[in-house]
Amino acid sequence: MENTSGNKKQKFKFYQLGLVGLLALLAVGFFDNPMKAKTKLEAKNVTIIENEAITFKFWTWFTADETKDDAYYRQEFKKYKENGFHAVLINTGTDADLLKKVAPFATEVGLEVHAWMFTVNRPGDKIAEKHPEWYAVSRDGKSCYDQPPYVGYYKWLCPTREESRDHILSLVSGLAAVDGVASVHLDYIRYSDIFLPIGLLPKYNLEQNTELPRFDFCYCDVCLAAFEEEHHKNPKDFEHPEIDIEWKNFRLNKVKSIVDEAYEIAHENGKLLTSAVFPYPEMADHMVRQRWDKWNVDVVLPMIYHGFYNEELDWIGYATKQGVADLKGRQTELHTGLYLPDFDDKTLEKAILIAKKNGAKGVSVFDGPALKDNQLQVIKKLSKKFNP
Ligand SMILES: [Zn+2]
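Sequence positions are assigned chain by chain, starting from 1 and proceeding in written order. Only residues with pLDDT of at least 70 are given local features in this predicted model, and only at 80 or more are side-chain atom pairs given and counted; all residues enter the totals for whole chains, interfaces and linings. With hydrogens and water stripped out, all remaining heavy atoms of the structure feed into the side-chain values.

Quick word on the overall build of the protein chain
Secondary structure elements are taken from DSSP: a helix is a run of H or I of four residues or more, a strand is a run of E of two residues or more, and numbering for both begins at the N terminus. Counting its regular elements, the protein chain contains 12 helices and 9 strands. Across the 388 residues of the protein chain, 53% fall into the buried class. Contacts between residues were defined by any pair of non-hydrogen atoms, one from each residue, lying within 4.5 Å. If you take every contact in the protein chain between residues at least 6 apart in sequence, the share linking residues at least 24 apart comes to 76%. Roughly 17,900 Å² of accessible area belongs to the protein chain as shown, and the carbon and sulfur atoms make up 51% of that amount. A 1.4 Å probe rolled over the protein chains alone gives each residue an accessible area, and that area as a share of the maximum for its type sets the label: buried under 20%, exposed over 50%, partly exposed in between. For the area figures, the Shrake-Rupley method with a 1.4 Å probe applies, and any residue is considered shielded solely by the protein chains shown.

Here you go:
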């Protein structure tokens with residue numbers, strides 16, 4: 001929120017600018033959050049990419065692949081740019097060198113680049129694999145190191161242990177140091193799902209009516225000791241750990257602590273911090289112990305994937321609106337994440353309009369290579385309309 005003296009200053013500027021200047025400012029979205037974010041970031045010496053003024057931003061997630069050649073990246077990024085996208089979130093498996101190689105192909109066509117990383121879930125992490133004790137342990141004593149829940153790539157680290165935490169933050173530093181990157185983008189910044197999205201349960205032949213020990217983390221020695229020291233009780237002794245609010249809150253705060261530290265690292269490197277999160281804070285809290293409305297983060301991209309939850313299109317508006325309301329008073333922007341396989345061109349257009357109407361500052365689609373021609377046309381049309 002702007003303070004009063006700031007508003008006076010703006011008014012003064014408006015008189016000087018005259019009507020044409022004022023209209024021009026309105027046209028480029030002077031009143032939209034990017035300006036607020038910029039002011040905040042300028043104070044912290046953070047520079048953001050000054051591309052064309054964007055009033056409603058279009059993003060897409062994209063995974064780099066070492067086997068692909070330069071022409072592939074050039075062609076893919078050109079396609080996004082030509083169809084109205086402004087930003088691409090690039091996953092390089094936290095490989096900063098691969099990011100240095102791939103990012104210029106995106107920036108040279110005028111796309112903003114965000115360094116997308118798997119944060120607490122670290123499949124294929126060669127350094128972490130040397131330390132089995134870094135991995136999260138379930139209530140029934142199984143480590144994600146060798147007995148991951150649900151799927152083989154669920155290699156969750158313990159967010160409390162100093163060594164695993166430091167490792168995660170060192171990866172944030174590595175990506176934040178890459179030139180030309182606008183943000184470090186935290187994905188899988190949470191605990192493993194205590195409840196899976198309802199639409200995915202049949203796939204795993206599961207019923208989850210309560211918090212099951214197999215999916216409840218982290219009960220490693222370090223977590224239990226840290227909690228006991230603070231609260232004088234041990235979650236191992238709880239008959240119903242799901243109703244102990246300190247135990248829940250302890251875990252929410254462990255995630256927040258990593259985010260807030262990553263935020264400092266990103267900003268020290270002149271970058272923003274962005275994150276892919278669950279649909280809205282209460283739901284994120286319930287399903288994955290993630291309370292993102294309390295984080296220090298510049299932009300959240302909630303994955304409002306209605307198909308995962310057997311919901312209808314209007315739910316995208318409900319979740320967007322709830323997240324926007326929960327962020328009130330904070331300088332975090334919300335851009336709605338959409339899952340492409342759930343849409344044809346008509347429903348995609350509707351979903352984007354719904355997200356915008358409910359307060360989103362943009363949309364991000366998963367993922368870039370999955371975009372069909374008719375979906376690209378929708379993005380191109382709306383991007384032009386919203387960003388004249
Ligand atoms: Zn632990």
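Let's talk about the coordination of the zinc ion
At the metal site, the zinc ion is ligated by Cys158 (SG), Cys218 (SG), Cys220 (SG) and Cys223 (SG), and these contacts range over 2.3 Å. Around the zinc ion sit 4 donor atoms, and with donor-metal-donor angles ranging over 97 to 117° the site reads as tetrahedral. With water excluded from the atoms, a metal site may look incomplete; its donors are any N, O or S atoms within 2.8 Å, or within 3.2 Å for Na, K and Ca. Sequence spacing of the donors to the zinc ion: C-x59-C-x1-C-x2-C. Tetrahedral means four donors with every angle between 85 and 135 degrees, whereas square planar (four donors) and octahedral (six donors) require angles over 155 degrees between opposite donors and between 65 and 115 for all others; sites fitting neither are termed irregular.

Focus: the pairing of strand E5 (residues 272-277)
Both faces of the sheet carry side chains from a regular strand, because those side chains alternate between them. Burial of E5 is extensive: 6 of the 6 residues sit out of reach of the surface. Neither face of E5 is left uncovered, since the one carrying Leu272, Thr274 and Ala276 and the one carrying Leu273, Ser275 and Val277 both have all their residues buried. Pairing between strands is defined by DSSP: at least two bridges between them are needed. The sheet contact formed by strand E4 (residues 181-187) and E5 spans 4 bridges and is parallel. When the sheet's bridge partners are listed, Val184 is paired in E5 with Leu273. Where E5 lies against strand E6 (residues 299-302), 4 bridges are found, and the strand directions are parallel. Its bridge partner being in E6, Ala276 is matched across the sheet by Leu301. By convention, a crossover is right-handed whenever its connection, traced from the first strand over the helix to the second and viewed with the strands pointing away, goes clockwise. With respect to chirality, the unit in which E5 leads through helix H9 (residues 281-288) into the neighbouring parallel E6 is right-handed.

Observations regarding the environment of Arg122
For Arg122, the position within the fold is in the loop between strand E3 (112-118) and helix H5 (126-129). Given the relative accessible area of 5%, Arg122 is considered buried. A C-alpha to C-alpha distance of 8.7 Å links Arg122 and Tyr188, two positions 66 residues apart in sequence. Among residues more than four places away in sequence, those in contact with Arg122 are Thr94, Lys155, Leu157 and Leu171. Within the structure, the side chain of Arg122 is placed 2.6 Å from the backbone oxygen of Phe118, a separation counted as a polar contact. We define a polar contact as two N or O atoms separated by no more than 3.5 Å, with the added condition that, inside protein, one atom must be a possible hydrogen donor and the other a possible acceptor, whereas residues neighbouring each other in sequence contribute only through side-chain atom pairs.

Points about the packing of helix H7 (residues 221-231) against helix H8 (residues 245-268)
Lines are fitted to the C-alpha atoms to define the axes, a helix being fitted only along its stretch in contact, and any angle between axes, read from their N-to-C directions, falls within 0 to 180 degrees. Their axes nearest at 11 Å, the elements H7 and H8 cross at an angle of 120°. Between H7 and H8, the angle falls in the class oblique. H7 and H8 meet at a crossing whose hand is right-handed. Of the residues in H8, those in contact with Cys223, Leu224, Ala226, Phe227, Glu230 and His231 of H7 are Glu246, Trp247 and Phe250. Residues belonging to the contact of H7 with H8 are distributed by class as follows: 6 nonpolar, 1 polar and 2 charged. Throughout, the term roughly parallel applies to angles under 35 degrees, roughly antiparallel to angles over 145, roughly perpendicular to angles from 65 to 115, and oblique to all others. Note: crossing handedness is left-handed where the near helix turns anticlockwise from the far helix by less than a right angle, and right-handed where it turns clockwise. Each residue gets one label: Ala, Val, Leu, Ile, Met, Phe, Trp, Tyr, Cys and Pro are nonpolar, Asp, Glu, Lys and Arg are charged, and the others, such as Gly, are polar.

What about the sheet that holds strand E8 (residues 336-339)?
One open sheet accounts for 9 strands, arranged E7-E6-E5-E4-E3-E2-E1-E9-E8; its pairing is parallel. The two strands at the open ends of the sheet, each matched to only one other strand, are strand E7 (333-334) and E8. The pairing of strand E1 (residues 57-63) with strand E2 (residues 87-91) spans 5 bridges and is classified as parallel. Paired with Trp61 across the two strands is Leu89, which belongs to E2.

Comments concerning the pattern of salt bridges
The salt bridge criterion pairs a side-chain nitrogen of Lys or Arg with a carboxyl oxygen of Asp or Glu, the two atoms within 4 Å. Taken as a whole and judged by the stated rule, the model has 22 salt bridges. Arg122 is paired through a salt bridge with Asp125; the nearest N and O atoms lie 2.8 Å apart. Three or more residues are tied together by salt bridges with common partners; here these are Arg139, Glu211, Asp216, Arg251 and Arg289.

Quick look at the side chain of Ser164
With respect to the secondary-structure elements, Ser164 resides in helix H6 (residues 162-176). Within the local environment of Ser164, its side chain forms a polar contact with the backbone oxygen of Arg161, the two atoms lying 3.2 Å apart.

Here's the deal with the nonpolar core
Of all hydrophobic cores here, the largest spans 111 residues; its most connected members are Phe77, Ile90 and Ile352. Among all residues touching Ile90, those that are not within four sequence positions of it are Phe62, Ala64, Phe77, Leu99, Val102, Ala103, Ala106, Val113, His114, Ala115 and Trp116. Within this scheme, the nonpolar core is defined by two criteria: the residues are buried Ala, Val, Leu, Ile, Met, Phe, Trp, Tyr or Cys, and they are joined through side-chain atoms within 4.5 Å. Grouped together as the second largest cluster of nonpolar side chains are 6 residues, Tyr219, Phe227, Trp247 and Phe250 included.

Points about helix H10 (residues 314-326)
In this scheme, a helix's expected span is set at 1.5 Å multiplied by one less than its residue total. In this model, H10 (13 residues) spans 19 Å end to end at C-alpha, consistent with the 18 Å of a helix rising 1.5 Å per residue. Listed as buried for H10 are Trp315, Ile316, Gly317, Ala319, Thr320 and Gly323. Packing partners of the buried residues in H10 comprise H9, E7, E8 and helix H11 (345-357).

Notes on the pairing of E2
Buried residues dominate E2, accounting for 5 of its 5 residues. Neither face of E2 is left uncovered, since the one carrying Ala87, Leu89 and Asn91 and the one carrying Val88 and Ile90 both have all their residues buried. Once the chain exits E1 it traverses helix H3 (residues 70-82) before rejoining the sheet at E2, and the crossover so formed is right-handed. Here E2 runs beside E3; their pairing, made up of 5 bridges, is parallel. Bridge pairing links Leu89 to His114 in E3. Following the chain from E2 across helix H4 (residues 96-107) to the adjacent parallel E3, one finds a crossover that is right-handed.

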